[in-house]
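For reference, the chains in residue letters:
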Amino acid sequence: MKTIELKNVSKLYNKDVCALNNVSFTVNQGEFVAVMGQSGSGKSTLLQIAGLLDSCTSGEVLINGEYVSELDKNKLADIRMKTLGFVFQSFHLNSHLKVYENIMVPMLINNEFKNRAEMKKRAEELVETVGLSHRIDHYPSELSGGEQQRAAIARAMANDPDFILADEPTGNLDSKNEIMIFEELKKLSDSGKGVLVVSHNEAVMDFADRICIMKDGVLSEN
Ligand SMILES: Nc1ncnc2c1ncn2[C@@H]1O[C@H](COP(=O)(O)OP(=O)(O)O)[C@@H](O)[C@H]1O
Ligand SMILES: [Mg+2]
C-alpha cells in the first residue's frame, strides 16, 4: 500500500507561530483527500511538509513506509521526483516553453527516459488525458486559466508519481473551470493515485473521498 503518513507533526515558524500542531494524517493510494480551512490555518504548510518541500519541527513523515527524516537531500529530491507531483494555484508553467515542453521538464531530470522522442511521446499521452491535445504546441499565455492548470496537472503526472499534491488548484479559476480541475484530479485518484488537495473552495467536497478540516494548525477528520 502506497501512503503518505504524518505522525504527530508540528511546525513552528520563527519559534512562535505554530502552523501545525501535532498533526497525524494519512493519504492512501487511490484516495482523494481534501483538507479545508480558512486562510492562515496551516493548509499550505501541511502540503509542503507532506510533499517534502519543507521539514517539520517535530514528528515524523513517512513516504511509502520510509521515514524521510533519515534521508539526505539527494534522496529526498529523488523521492520527490519519482513519487510526488505538484499542482499550484498559479500554475507555475514556464512561459518560454510550449505545453508539451513544460510537461517534459520533470522528465529531463529522470534518467528513466531514453531520449527526447520518448519524452515527447509521454507528453502527448498526458495532454490527451487532460483533453489538451489541440493545445500541445501552444505557449501558456495562449491558454485559458483552466487549460493552463490542466497542463500543470499533466506535468505533475510526467514521472508517473504515486501522489498528486495540489495547493488551492482552483484559486485562479472560475466555477466552470474549477469543476473541470476537480474532475481531472478525481480521475487520477480513480486510476490509483493518491490525491491531496488543500483548498478553501467548498466545491472540492463533491469530489473528495475524505474531508479533513484544518483550524489554527489542528487537523480533524470531518
Ligand atoms: N515562511 C513562513 N514564515 C513565517 N510564518 C509563516 C510562514 N509560512 C506560513 N506562516 C504562517 O503559518 C500559518 C499557516 O500558514 P499557511 O500554511 O500558509 O496557511 P494556509 O495555507 O491555510 O493559508 C500562518 O499563520 C502563516 O502566517
Ligand atoms: Mg495556503
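A short tour of the structure in this document, coming up.

Conventions we followed
Position numbers for residues count from 1 along each chain, tracking the sequence in the order it is written. Think of it this way: whatever chain is written first is A, whatever ligand is written first is 1, and the rest follow in order. Restriction of local features to residues with pLDDT of at least 70 applies here, the model being predicted, together with a cutoff of 80 or more for giving and counting side-chain atom pairs; totals for whole chains, interfaces and linings are based on all residues. Hydrogens and water are ignored here; the side-chain numbers use all heavy atoms of the structure. Residues are counted as near a molecule or strand when any one of their heavy atoms sits within 4 Å of it. Two N or O atoms count as a polar contact when they lie within 3.5 Å, although within protein this holds only if one can serve as hydrogen donor and the other as acceptor, and sequence-adjacent residues are included solely when both atoms are side-chain atoms. To measure how exposed things are, a 1.4 Å probe is used in the Shrake-Rupley method; for residues, cover is taken only from the protein chains shown. What makes a salt bridge here is a side-chain nitrogen of Lys or Arg within 4 Å of a carboxyl oxygen of Asp or Glu, nothing more. Runs of E in the DSSP output that reach at least two residues are strands. Runs of H or I that reach at least four are helices, and both are numbered from the N terminus. Only protein chains enter the area calculation, which uses a 1.4 Å probe; residues under 20% of their type maximum are buried, those over 50% are exposed, and those in between are partly exposed. Strands were regarded as paired on the criterion that DSSP finds at least two bridges between them. Here a Phe, Tyr or Trp ring, Trp counted by its six-membered ring, pairs with any other such ring whose centre lies within 6.5 Å, and the pair is stacked when the planes are under 30 degrees apart, edge-to-face when over 60, and tilted otherwise. Two conditions define a charge sitting above a ring: the NZ of Lys or the CZ of Arg must be within 6 Å of the ring centre, and it must be within 35 degrees of the ring normal. Every axis corresponds to a line fitted to the C-alpha atoms, with the helix fit spanning only the stretch in contact, and the corresponding angles, defined between N-to-C directions, vary from 0 to 180 degrees. Any two residues whose heavy atoms approach within 4.5 Å at even a single point are treated as in contact. In these notes, a set of buried Ala, Val, Leu, Ile, Met, Phe, Trp, Tyr and Cys residues joined through side-chain atoms within 4.5 Å is what counts as a nonpolar core.

1. Thoughts on the site of ligand 1
In the region of ligand 1, the neighbouring residues are Tyr13, Asn14, Val17, Ala19, Gln38, Ser39, Gly40, Ser41, Gly42, Lys43, Ser44 and Thr45. Contact between ligand 1 and glycine 40: an oxygen atom at 2.6 Å from a main-chain N or O atom of the residue. With respect to ligand 1, the backbone of serine 41 contributes an N or O atom lying 3.2 Å from an oxygen atom. Coverage of ligand 1 by the protein amounts to 60% of the 560 Å² it exposes when considered alone.

2. Quick word on the pattern of salt bridges
Summed over all chains, the structure comprises 13 salt bridges. Notably, a salt bridge pairs arginine 116 with glutamate 101, separated by 4.0 Å at the nearest N-O pair. Of this pair, arginine 116 sits in helix α4 (residues 116-129) while glutamate 101 sits in helix α3 (residues 99-108); the two residues are 15 residues apart in sequence, bridging distant segments of the chain. Two residues, aspartate 160 and lysine 193, come together in a salt bridge whose shortest N-O distance is 2.5 Å. Pair noted here: aspartate 160 is in the loop between α5 (145-156) and β7 (163-167) and lysine 193 is in the loop between α6 (175-190) and β8 (194-199), with a separation of 33 residues, a long-range link. Look at lysine 193 and you get buried, because its relative accessible area is 12%.

3. A word on the pairing of strand β4 (residues 58-63)
The pairing of strand β1 (residues 3-13) with β4 spans five bridges and is classified as antiparallel. Of the residues in β4, the one forming a bridge with glutamate 5 is leucine 62. Both β4 and strand β5 (residues 66-67) contribute to a ladder of two bridges, which runs antiparallel. Across the sheet, the residue bridging to leucine 62 is tyrosine 67, located in β5. The loop that links β4 with its antiparallel partner β5 comprises two residues; one of these, asparagine 64, has a positive phi angle of about 50°.

4. Quick word on the packing of aromatic side chains
Using the criterion set out here, one finds two aromatic pairs in the structure. Judged by centre distance (5.7 Å) and plane angle (35°), the ring pair of phenylalanine 182 and phenylalanine 207 falls under tilted. You can see phenylalanine 182 sitting in helix α6 and its partner phenylalanine 207 sitting in the loop between β8 and β9 (210-215), a full 25 residues away along the chain. Taken as a pair, phenylalanine 182 and phenylalanine 207 share a single burial class, namely buried. Between lysine 120 and the ring centre of tyrosine 100, over which it is positioned, the NZ or CZ distance is 4.4 Å.

5. Digging into the sheet that holds strand β10 (residues 218-221)
Across the sheet, which stays open at both edges, the six strands sit in the order β6-β7-β8-β3-β9-β10 with mixed pairing between neighbours. Of all the strands in the sheet, just β6 (84-88) and β10 have a single pairing partner and so form its edges. With strand direction ignored, the average angle separating the axes of adjacent strands in the sheet is 20°. Packed onto the sheet, α5 meets β6 and β7 and runs at close to 165° relative to β6.

6. Considerations on the nonpolar core
Counting 41 residues, the largest nonpolar core has Phe32, Ile103, Met107, Ile164, Phe182, Leu185 and Val197 as its most contacted members. Residue assignment for this core shows that the elements contributing at least two residues are β3 (32-36), α3, α4, α5, β7, α6 and β8. In contact with phenylalanine 32, other than residues within four places in its own chain, are Phe182, Leu185, Lys186, Ser189, Val195, Val197, Val204, Phe207, Ala208, Asp209 and Arg210. Residues Leu6, Val35, Ile49 and Phe163 belong to the second largest nonpolar core, which totals 29 residues.

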